[in-house]
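Structural overview
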Amino acid sequence: RYDYLFTSGGIGPTHDDITADAISRAFGVPCTYDPEAMRLLAAMYERREMEFTDARKRMARMPEGAKHIPNPVSTAPGFAIGNVYVMAGVPQVFQAMVDAVLPTLKSGTKVMSRAVRSPFGEGDIGGPLTEVQKRHPETSIGSYPKYDGKFFSTELVIRARDEAVLAAAEADVIAMIEDIKRAKAAE
């Protein structure tokens, strides 16, 4: 039902790492020791002067016909089969695999964003920000409150698919903050 499915974890050397088995079953193909993954891992363990144990060999198991997702961090590849991308659970390894996969994915129009820091809390900007959002319906403006222990502030994040639309909304947000500053100074 989805264009892509991503998993994280379950492809390591322990008995409970069953993701390769589960994905193989879901695709109706055998889970085998991939020859290239075995070669990569064997060479890495040899360089490190470590035994390439049966447990470590489990990291070379993947569905027959899967393609590797490279792992520049710790060598053991993830894999992709169909629209499913199976990556490691270790955060640094997962990130490296995601970085390798992203350029290969089809995508739509990119969403751009700009952040504007407001020195005011959401209670001060809520009304005026609603009006800014109404004037820029083709944007999404998010409000993220901050508290430093003394004062509230808000980070405003503007998102749009068009640079001119984004710039216009950003200018209105900045003008809104300046208007609030002037109003507060006059109080």
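Read on for a plain summary of the structure. Counting starts from 1 at the beginning of each chain's written sequence and moves along it residue by residue. The predicted origin of the model limits local features to residues at a pLDDT of at least 70 and limits the giving and counting of side-chain atom pairs to 80 or more, whereas totals for whole chains, interfaces and linings rest on all residues. Side-chain descriptors were evaluated using all non-hydrogen atoms of the structure, hydrogens and water having been removed beforehand.

On to the sheet that holds strand E1 (residues 5-8). Between any two strands, pairing holds if DSSP finds at least two bridges. For helices the rule is a DSSP run of H or I covering at least 4 residues; for strands it is a run of E covering at least 2, with both sets numbered from the N terminus onward. With respect to topology, 4 strands assemble into an open sheet ordered E1-E6-E5-E4, the strand pairing being mixed. In the strand order of this sheet, the two ends are held by E1 and strand E4 (67-69), each with one partner. If you compare each strand with its neighbour and ignore which way they point, the axes differ by 20° on average. Pairing between E1 and strand E6 (residues 84-87): 4 bridges, direction parallel. Bridge assignment links Thr7 to a residue of E6, and that residue is Val86. Axes here mean lines fitted to C-alpha atoms, for a helix over just the part in contact, with angles spanning 0 to 180 degrees between N-to-C directions.

Burial classes follow relative accessibility: with a 1.4 Å probe on protein chains only, a residue under 20% of its type's maximum area counts as buried, one over 50% as exposed, and anything between as partly exposed. Among the residues making up helix H4 (residues 91-101), those that are buried are Val93, Ala96, Met97, Val98 and Val101. Those residues of H4 that are buried are in contact with E1, E4, strand E5 (78-81) and E6. The contact rule is simple, with two residues in contact once any of their heavy atoms fall within 4.5 Å.

If you walk across this open sheet you meet the 3 strands as E7-E9-E8, and the pairing is antiparallel. Edge positions in the sheet fall to strand E7 (112-118) and strand E8 (140-147), since each has one partner strand and no second. When strand polarity is set aside, the average angle formed by the axes of neighbouring strands in this sheet is 20°. In terms of strand pairing, E7 meets strand E9 (residues 152-160) through 7 bridges, oriented antiparallel. Bridging across to E9, Arg114 finds its partner in Ile158. Sheet strands in contact with helix H6 (residues 163-186) are E7, E8 and E9, and its direction is about 5° off that of E7.

Interpretation note: all reported values are geometric properties and have no functional meaning in isolation.
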